[in-house]
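# Analysis of the macromolecular model
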Amino acid sequence: MRLDELLAELQTRLNAVLATRDRVHALLDAVVSVGSDLDLETVLRRIVETATTLVDAGYGALGVVGQDNTLVQFIPVGLSDEEIAKIEHWPHGLGLLGLLMKEARPLRLGRISDHPESYGFPPGHPPMGTFLGVPVRVREEVFGNLYLTEKRGGGEFDEEDEAVVVALATAAGVAVENARLYEESRRRETWLQASSEITTSLLSGAGSHEVLTTMAARARQMCDADLVQVLLPDPSGQALTVDVAEGEGADELLATRFEVSATLASEALIHGEPRSEWDRPSAAYPDSPLRRLGYGPGLMVPLGKAPRVRGVLALAKRSGRLPFSGADQQMLESFADQAAVALELAEARRDAERLGLLEDRDRIAKDLHDVVIQRLFATAMTLMSTVRLVERPEAAKRLQHSIDELDETIRQIRSSIFALQTPREDTAPSLRTQIVDLVEGAGAHLGFMPGLRMEGQIDTLVPETVAEHLLAVLREALSNVVRHSRATRAEVAVEVADDRLALVVTDNGVGLGEKGRRSGLRNFEERAARLGGAAELDVPEKGGTRLRWHVPL
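Worth saying up front: this structure is predicted, and the values here are computed from it rather than measured. (Residues numbered from 1 in each chain as written. Predicted model: local features only at pLDDT ≥ 70, side-chain atom pairs only at ≥ 80, totals over all residues. Heavy atoms only, no water.)

## Focus on the overall build of the chain
Counting its secondary structure elements, the chain contains 15 helices and 16 strands. Residues counted as buried form 42% of the 553 residues belonging to the chain. For the chain, the share of sequence-separated contacts (at least 6 apart) that also reach a separation of at least 24 residues comes to 60%. Summing over all exposed atoms, the chain offers an accessible surface of approximately 29,700 Å²; the carbon and sulfur share of this is 52%. (Helix = DSSP H or I, 4+ residues; strand = E, 2+ residues; numbered from the N terminus. Buried < 20%, exposed > 50% of the residue type's maximum accessible area, 1.4 Å probe, protein only. Contact = heavy atoms within 4.5 Å. Areas by Shrake-Rupley, 256 points an atom, 1.4 Å probe, with all protein chains shown as cover.)

Right, dumping it as structure tokens:
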């Protein structure tokens, strides 16, 4: 019987040795498995899965510690999708989880609820009893904590379990550091490529929108973001518009307007400094547009420095993913500064091109006015004096026709000169062009071309609403000249000076009686009064009618 007892004891110890050997082999395999991948998020999930397998735990999780000892990411293992959906929210780092973050040493419990620091579980969380927590260190920094619960078979976690998980956590720290270094080197390489691409775009004369689109695509690639937006403020500064969007749901967000007060981007825009939020609701911006779309960690980087911040580069990840690191922020700040320079250069290039174009237009207009029109006018005067010397009616008629053609050519050149002096680049006709059209239209009905004089920055200083009233008054005044004046000469003058717009229409016709003067003036006065101006009708010294209509700008 003593021999049987000794043999049984020997068998038990052999089994224990074999179990220890198997466990050591499993631990070595786990270390190799954890360190075999360089993608950080894959490494973290593999660490949790390996830990639960080594100690035969029903549930496991890894909590990543962020700033101010808070949980910024929670990676669970052992929960089904249905169980995860029932949980109201992930732990925020209170209770036992907070104790591990503060003390950073292993913690093993038979029942979680018996510990004085126990805080309970979120609503919908499955019940858990046994507990083993071990910190994961990266060099001297606590990266996060491994949480293991519910040892299978109804037992508790023992010292061997704790030793195995501590050993795994040490290897996990090395794996995390390797993955971090790989991510950083990969992103720096991407950043260098992106910087080169941006520089090439600038040198090739690419537009600002093209540069911003390239920047957004490369920023998303560098930081592994799910969504990147370029937000530009509207002229009022009260809203931000999504000018460029890259990533999940980008098409839906493009051209969307956000109220400045509802976004974290407003702080980056106003202060000219980056702003970030972790994967938890922000107290300052609970109704953040990105939060409503299911995004968690966010990073807002200004394009430029205060007070000349041109926009905001907004990056976001899906809820539950790792937040943006300090290295991400540093790279993006440099990248955003380069993009701000790109916008400055693109704007300066547009201004230079516009200035060169306007100078060419102005030079051509002056040449047409000072050379071409004068020569045509001199030729027409010569022909007019020659008409009296021609005796044959057919020849005189042909000369008169040529003179009329020269007059029409001079009018067309004048219209071209006014068009060349128009600073607008859009397809809509300028105010000068519309005035010329009205005057030329009246000339076709009068049988002669009214004189036209325009002075000042009519196209740039006259607002659209004032321009509408001006054109309406000029149209009615010319109509009155055509229908009632029986004039042989008319003059139109439009002038912008001293923040006032003045229109004067004069003719040498029969004038207006008292009744006609009152009825014709009423509409002009009403339009002027709406704009804070006035209108007068009087009779010049040589007869006829003169309308003065003036409003402030």
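Okay, back to it.
## A closer look at the sheet that holds strand β13 (residues 490–497)
On the basis of which strands lie adjacent, the open sheet formed by five strands has the order β12-β13-β14-β16-β15 and mixed pairing. In this open sheet, the two strands that pair with only one neighbour each are β12 (451–455) and β15 (534–538). Averaged over all pairs of adjacent strands, the angle between their axes in this sheet comes to 10°, without regard to strand direction. Of the pairings in the sheet, the one linking β13 to strand β14 (residues 500–507) comprises eight bridges and is antiparallel in character. The partner of Ala497 across the bridge, within β14, is Arg500. Its contacts with the sheet place helix α12 (residues 431–446) against β12 and β13, and it is angled at close to 165° to β12. (Pairing = 2+ DSSP bridges. Axes fitted to C-alpha atoms, helices over the stretch in contact; angles between N-to-C directions.)

## Section: the sheet that holds strand β6 (residues 227–233)
Neighbouring strands of a sheet are bound in pairs by backbone hydrogen bonds; such pairs are parallel or else antiparallel. With respect to topology, six strands assemble into an open sheet ordered β8-β7-β6-β11-β10-β9, the strand pairing being antiparallel. A single partner strand is all that each edge strand has here, and the edge strands are β8 (257–259) and β9 (275–277). Recorded for the sheet is a direction-independent mean angle of 25° between the axes of neighbouring strands. When strand β10 (residues 295–302) meets strand β11 (residues 312–318), the two strands line up antiparallel, connected through six bridges.

## Overview of the pattern of salt bridges
The final tally for this structure, using the stated rule, is nine salt bridges. Two residues, Arg275 and Glu273, come together in a salt bridge whose shortest N-O distance is 3.6 Å. Residue Asp360 pairs with Arg363 through a salt bridge whose shortest N-O separation is 4.0 Å. Here the residue Asp360 and the residue Arg363 both occupy positions in helix α10 (residues 326–387), the gap between them amounting to three residues, near one helical turn. Classification of Asp360 by relative accessible area gives partly exposed; the value is 38%. One continuous salt-bridge network, built from bridges that share partners, spans Glu267, Glu273 and Arg275. (Salt bridge = Lys/Arg side-chain N within 4 Å of Asp/Glu carboxyl O.)

## Section: the nonpolar core
Counting residues in hydrophobic clusters, the biggest one holds 35 residues, and the most contacted among them are Ile435, Val494, Leu501, Leu503 and Trp549. Elements that contribute at least two residues to this core include exactly α12, α14 (464–485), β13, β14, α15 (514–530), β15 and β16 (545–552). By residue number, the principal contributor to this core is α14, which donates nine residues. In this structure Ile435 touches Leu452, Met454, Leu470, Leu471, Leu474 and Val494, once residues within four positions along its chain are discounted. Core analysis: the second largest hydrophobic core is formed by 29 residues, Ala51, Val138, Leu168 and Val176 among them. (Core = buried A, V, L, I, M, F, W, Y, C linked by side-chain atoms within 4.5 Å.)

## What to know about helix α6 (residues 208–223)
When the terminal C-alpha atoms of α6 are compared, their 22 Å separation across 16 residues agrees well with the 22 Å that a helix rising 1.5 Å per residue should span. Within the sequence span of α6, burial applies to Val211, Leu212, Thr214, Met215, Ala216, Ala219, Met222 and Cys223. Asp224, located one to two residues past α6, shows a positive phi value of around 55°. (Expected span 1.5 Å × (residues − 1).)

## Overview of the confidence of the model for the chain
In the predicted model, the chain carries a mean pLDDT of 78, and the fraction of residues at 70 or more is 84%. Residue range residues 279–283 is modelled with pLDDT below 50. Its contacts to residues more than four positions away, or to other chains, number twelve contacts. (pLDDT = per-residue confidence, 0-100.)

## Focus on the environment of Pro135
For Pro135, the location among the structural elements is in strand β4 (residues 131–138). Judged by its relative accessible area of 6%, Pro135 falls in the buried class. C-alpha of Pro135 to C-alpha of Leu107: the two residues are 28 residues apart in sequence and 9.2 Å apart in space.

## Section: the environment of Leu343
Along the chain, the position of Leu343 falls in helix α10. In this structure, the C-alpha to C-alpha distance between Leu343 and Gly304, residues 39 residues apart in sequence, is 9.5 Å. Setting aside residues no more than four positions away along its own chain, Leu343 makes contact with Ser208, Leu212, Leu303 and Arg310.

## Considering the side chain of Thr52
Following the sequence through the fold, Thr52 ends up in helix α2 (residues 40–55). Its relative accessible area of 8% is what places Thr52 among the buried residues. If near-sequence neighbours (up to four positions away) are discounted, Thr52 is found in contact with Ala57, Tyr59, Gly60, Val77 and Leu148.

## Focus: a nonpolar patch on the surface
A contiguous nonpolar patch, built from Leu3, Leu7 and Leu10 and spanning about 300 Å² of accessible area, is present on the exposed surface. Note on placement: Leu3 falls in helix α1 (residues 2–34). (Patch = residues over 30% accessible without salt bridge, like charges linked within 9 Å, V, L, I, M, F, W, Y side chains within 5 Å.)

## A look at α12
The first and last C-alpha atoms of α12 sit 23 Å apart over 16 residues, in line with the 22 Å expected at 1.5 Å per residue. Those residues of α12 not exposed but buried are Leu431, Arg432, Ile435, Val436, Leu438, Val439, Ala442, Gly443 and Leu446. For α12, the angular spread of buried residues about the axis comes to 160°, placing them on one side. Exposed residues lying more than 90 degrees from the buried face of α12 are Ala444 and His445. Where α12 ends, the next residue or the one after it, Gly447, has phi of about 90°, a positive value. (Arc of directions from axis to C-beta.)

## Observations concerning the pairing of β4
Of all eight residues in β4, seven are buried, a share of seventy percent or more. As paired elements, strand β3 (residues 107–109) and β4 share three bridges and run antiparallel to each other. Residue pairing in the sheet places Leu107 in a bridge with Gly133 of β4. Relative to strand β5 (residues 141–151), β4 runs antiparallel, the two being bridged by eight bridges. By the bridge assignment, Gly133 is partnered in β5 with Tyr147. The hairpin turn running from β4 into β5, its antiparallel successor, is two residues long, and Arg139 in that turn takes a positive phi close to 60°.

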